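Given next are the chains, with one letter for each unit.
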Amino acid sequence: MLVLLDRDGVLNQDRADHVKTPDELVMIPRAAEAVARLNTGGHKVALVSNQSGLGRGLYDDQMFARIQEKLIAALRESGGHLDATFICPDPPWDAGPRRKPAPGMLEEAMRTFGAGARETVMIGDALRDLEAAAAVGARRILVRTGKGAATQGARLPAHVLPVEVHEDLWSAVEALEKTGPDGETDGDS
Ligand SMILES: [Mg+2]
């Protein structure tokens, strides 16, 4: 399966004022372990992240690279890695087709790995993650970390349903391993 991960609120703590330095990147407990578990399970794992802080001028490419290095190091410490990273620097007021909720980055990732919608799952904490996934027909998982509890509390609109909800990435990965590619429980029935 191709597992697409949002970053802020899924792998690391979300910040209303953006993650602007490596110090501001604080991993969510068990998130790195969850990525390692996906790697071990033979899944492809790709980061699909809006980084409007670039377009807003809050940090530059070099700083983003340093933040990414810290993320990669945190994953590596738990034996995990990303197979690819897709980011979109667009600010919301000048959003192109790659910025979630638009599906451009997800389509790029699916093309890169030759994955169809039925083999693709998106895990995110914001409505726009679910919307982008719905637009490409991928399976949708909402985690309650980051903005997730508020996203769930605001009621999920019909056009993103069905959505599976889990406490955090670790719980989501645990549930994924118990189900087949379509979200059906493995078995003969
Ligand atoms: Mg997020």
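See above for the structure.
So, a few notes on the structure that sits alongside this text. (Residues numbered from 1 in each chain as written. Predicted model: local features only at pLDDT ≥ 70, side-chain atom pairs only at ≥ 80, totals over all residues. Heavy atoms only, no water.)

Let's talk about the overall build of the protein
Move 1: A count of helical and extended segments in the protein gives 7 helices and 6 strands.
Move 2: Mapped from its N terminus to its C terminus, the protein presents α and β elements in the order β-α-β-α-α-β-α-β-α-β-α-β-α.
Move 3: Over its C-alpha atoms the protein spans a radius of gyration of 15 Å, differing by no more than 12% from the 16 Å that the globule rule assigns to 189 residues.
Move 4: In terms of principal-axis extent, the alpha carbons of the protein reach across some 55 × 35 × 35 Å.
Move 5: Each of the 189 residues in the protein was classed as buried or not, and the buried ones make up 49%.
Move 6: A separation of at least 24 residues holds for 64% of the contacts in the protein among residues at least 6 apart in sequence.
Move 7: In the structure as shown, the protein presents an accessible area of about 8800 Å², 50% of it carried by carbon and sulfur atoms. (Helix = DSSP H or I, 4+ residues; strand = E, 2+ residues; numbered from the N terminus. Rg over C-alpha atoms; globule rule 2.2 N^0.38 Å. Buried < 20%, exposed > 50% of the residue type's maximum accessible area, 1.4 Å probe, protein only. Contact = heavy atoms within 4.5 Å. Areas by Shrake-Rupley, 256 points an atom, 1.4 Å probe, with all protein chains shown as cover.)

Things to note about the coordination of the magnesium ion
Move 1: At this site the magnesium ion is bound by Asp6 (OD), Asp8 (O) and Asp125 (OD), with donor distances of 2.1 to 2.2 Å.
Move 2: Mapped onto the sequence, the residues coordinating the magnesium ion show the spacing D-x1-D-x116-D. Like Asp8, Asp6 is buried. (Donors = N, O, S within 2.8 Å, 3.2 Å for Na, K, Ca; no water.)

Some points on the packing of helix 4 (residues 104–113) against helix 5 (residues 127–136)
If you want to describe how two helices pack, look at the angle between their axes and the distance between the axes.
Move 1: Where helix 4 contacts helix 5, the axes come no closer than 9 Å and their chain directions differ by 55°. On the basis of their axis angle, the class for helix 4 and helix 5 is oblique. The two elements helix 4 and helix 5 meet at a crossing, and its hand is right-handed. Residues Leu106, Glu107 and Met110 of helix 4 form the contact with helix 5, whose own contacting residues are Ala132, Ala133 and Val136.
Move 2: Split by residue class, the contact of helix 4 with helix 5 holds 5 nonpolar, no polar and 1 charged. (Axes fitted to C-alpha atoms, helices over the stretch in contact; angles between N-to-C directions. Parallel < 35°, antiparallel > 145°, perpendicular 65-115°, else oblique. Left-handed = near helix turned anticlockwise from the far one by under 90°. Nonpolar A, V, L, I, M, F, W, Y, C, P; charged D, E, K, R; others polar.)

Some words on the packing of aromatic side chains
Move 1: Counting across every chain of the model gives 0 aromatic pairs.
Move 2: Above the ring of Trp170, the side-chain terminus of Arg37 is found at 4.8 Å from the ring centroid. (Phe/Tyr/Trp six-rings, centres within 6.5 Å; stacked < 30°, edge-to-face > 60°. Lys NZ or Arg CZ within 6 Å of the ring centre and 35° of its normal.)

Re the nonpolar core
Move 1: Counting residues in each nonpolar core, the largest one holds 27 residues, and the members touching the most others are Leu5, Leu11, Ile123 and Leu169.
Move 2: Elements with a contribution of two residues or more to this core: strand 1 (2–5), helix 1 (31–40), strand 2 (44–50), helix 3 (61–77), strand 4 (120–124), strand 5 (139–143) and helix 7 (169–178).
Move 3: What Leu11 contacts, discounting residues up to four positions off in sequence, is Leu5, Asp6, Met27, Ile28, Ala31, Val35, Leu47, Leu71 and Leu169.
Move 4: Counting residues in each nonpolar core, the second largest holds 17 residues, with Ala46, Phe86, Met110 and Ala138 among its members. (Core = buried A, V, L, I, M, F, W, Y, C linked by side-chain atoms within 4.5 Å.)

Looking at helix 4
Move 1: Those residues of helix 4 not exposed but buried are Gly104, Met105, Leu106, Ala109 and Met110.
Move 2: Once helix 4 ends, the next one or two residues include Gly114, with phi positive near 60°.

Brief notes about the sheet that holds strand 5
Move 1: Read across the open sheet, the 6 strands follow the order 3-2-1-4-5-6; overall the sheet is parallel. Every other strand in the sheet has two partners, leaving strand 3 (84–88) and strand 6 (164–166) as the edge strands with one partner each. Averaged over neighbouring strand pairs, the angle between their axes works out to 20° when direction is ignored.
Move 2: Across 4 bridges, strand 1 lies against strand 4 in parallel orientation. Bridge assignment links Leu4 to a residue of strand 4, and that residue is Met122. (Pairing = 2+ DSSP bridges.)

Quick notes on the pairing of strand 5
Move 1: Where burial is concerned, most of strand 5 is hidden: 5 out of the 5 residues are buried.
Move 2: Side-chain alternation along strand 5 places Arg139, Ile141 and Val143 on one buried face and Arg140 and Leu142 on a second face that is also buried.
Move 3: When strand 4 meets strand 5, the two strands line up parallel, connected through 4 bridges. Paired with Met122 across the two strands is Arg140, which belongs to strand 5.
Move 4: The parallel pair strand 4 and strand 5, bridged by helix 5, forms a crossover whose chirality is right-handed.
Move 5: Between the parallel pair strand 5 and strand 6, the chain is carried across by helix 6 (residues 148–153), and the sense of this crossover is right-handed. (Right-handed = clockwise from strand over helix to strand, strands pointing away.)

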